[in-house]
Amino acid sequence: MVSPLILVNLKTYHEGMGQNAHRIAAAAETVGRESGVVIGIAPVFTEIRPMSQHYAIPVYAQHIDAITPGAHTGHILPEEVRAAGAHGTLINHSERRLTLADIDACVQASRRLRLESVVCTNNDSTSAAAAALRPDYVAIEPPELIGSGVSVSKADPGIIERSVNAVRAVNPDVRVLTGAGIQSGECVKIAVDLGTSGVLLASSVVKADDPEAVLRDLVSLI
Ligand code: G3P
């Protein structure tokens with residue numbers, strides 16, 4: 001059986017920058033190796049290359065832009081994300097929404113560049129729409145629960161179940177992640193039992209005094 005994916009988004013939290021980011025990546029590498037669960041990290045762009053080079057973990061960009069090389073200023077070029085060593089990328093995170101046309105272009109660019117694509121969505125209808133674009137993953141995250149400390153697995157398991165069904169109905173090859181408030185092994189187990197392939201999370205790991213202990217708990221029941 002393929003391992004579930006635990007994807008830790010460092011966002012732009014102070015606690016996820018510099019040495020703190022490396023401490024989390026090192027913890028992800030250790031816990032991933034010991035548990036056999038794949039733990040990925042989505043750091044800020046400037047950390048993609050160092051993290052890809054120094055840690056045996058999949059590294060993801062937090063965003064790419066739907067552009068090709070040329071006259072664009074202040075954009076994130078998918079080719080350079082790949083060249084920096086990224087394994088994949090988030091697309092359309094709730095804190096970095098895109099148009100449907102741009103999501104489609106980003107998924108296509110990811111496929112062309114062999115970047116794993118994780119398209120974030122906010123409900124089951126948008127999960128179905130995202131699945132039609134054939135990304136590797138759809139990540140359902142109710143925006144009101146993001147950073148709330150209240151877990152989607154416990155507060156709204158129905159949205160996970162409906163999204164899994166909606167995605168399967170459109171394209172059974174697309175895997176589903178869920179996120180928002182995920183903080184324990186129990187949250188991860190509920191998500192996996194509901195048919196997801198893992199979780200996307202941030203604050204419970206990034207803001208923890210001991211990120212390694214939280215990661216150990218997250219993988220403890222799967
Ligand atoms: O990308 C993960 C995210 O939006 C969920 O954040 O802090 O609720 O785990 P958090």
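Above this text sits the structure in question.
Residues numbered from 1 in each chain as written. Predicted model: local features only at pLDDT ≥ 70, side-chain atom pairs only at ≥ 80, totals over all residues. Heavy atoms only, no water.

## Focus: the overall build of the protein
Secondary structure summary: the protein contains ten helices and eight strands in total. For the protein, whose C-alpha radius of gyration is 16 Å, the value lies close to the compact-globule estimate of 17 Å for 222 residues. In terms of overall dimensions, the protein has a C-alpha envelope of 45 × 40 × 30 Å along the principal axes. Within the span of the protein, comprising 222 residues, buried residues form 53% of the whole. Contacts spanning at least 24 positions in sequence make up 67% of the contacts within the protein whose residues lie at least 6 apart. As displayed, the protein has an accessible area near 9,600 Å², and 50% of this comes from carbon and sulfur atoms. Taking the 18 positively charged and 24 negatively charged side chains of the protein as two groups, their mean positions are separated by 4 Å. (Helix = DSSP H or I, 4+ residues; strand = E, 2+ residues; numbered from the N terminus. Rg over C-alpha atoms; globule rule 2.2 N^0.38 Å. Buried < 20%, exposed > 50% of the residue type's maximum accessible area, 1.4 Å probe, protein only. Contact = heavy atoms within 4.5 Å. Areas by Shrake-Rupley, 256 points an atom, 1.4 Å probe, with all protein chains shown as cover. Lys, Arg positive; Asp, Glu negative; His and termini not counted. Charge placed at Lys NZ, Arg CZ, Asp CG, Glu CD.)

## A look at the nonpolar core
Of all hydrophobic cores here, the largest spans 59 residues; its most connected members are I6, V8, L215 and L218. Here this core takes six residues from helix α1 (residues 18–35), the largest share from any one element. Leaving out residues up to four positions away in the same chain, L218 has contacts with I6, I182, Q183, S184, G185, V188, L201 and V205. (Core = buried A, V, L, I, M, F, W, Y, C linked by side-chain atoms within 4.5 Å.)

## Structural notes on unusual backbone geometry
Phi at K11 is positive, roughly 50 degrees, even though this residue is not glycine. Inspection of the secondary structure puts K11 in the loop between β1 (5–9) and α1. Using a relative accessible area of 11% as the deciding quantity, one classes K11 as buried.

## Some words on the sheet that holds strand β8 (residues 198–201)
The sheet built from eight strands is open, its strands ordered β2-β1-β8-β7-β6-β5-β4-β3 with parallel pairing. Edge positions in the sheet fall to β2 (38–42) and β3 (60–61), since each has one partner strand and no second. Here β1 runs beside β2; their pairing, made up of five bridges, is parallel. Within the sheet, the bridge partner assigned to N9 lies in β2 and is A42. (Pairing = 2+ DSSP bridges.)

## So, the pairing of strand β7 (residues 175–179)
For a regular strand, side-chain orientation follows a simple rule: the groups alternate between the two sheet faces. Along β7, four of the five residues are buried, which leaves the element largely enclosed by surrounding structure. By the bridge criterion, two bridges tie β7 to β8 in an arrangement that is parallel. Across the sheet, T178 pairs through a bridge with V199, a residue of β8.

## Considerations on the site of the ligand
Surrounding the ligand, one finds N9, K11, H93, E141, I146, G147, A180, G181, L200, L201, A202 and S203. Interatomic distance of 2.8 Å between a side-chain N/O atom of H93 and an oxygen atom of the ligand. Within the contact set of the ligand, an oxygen atom lies 2.8 Å away from a backbone nitrogen or oxygen of A202. About the coverage of the ligand: the protein hides 100% of its 310 Å² of free accessible area. Tallied by class, the residues present in the shell around the ligand amount to five nonpolar, five polar and two charged. (Near = heavy atom within 4 Å. Polar contact = N/O pair within 3.5 Å; in protein donor to acceptor, adjacent residues only side chain to side chain. Nonpolar A, V, L, I, M, F, W, Y, C, P; charged D, E, K, R; others polar.)

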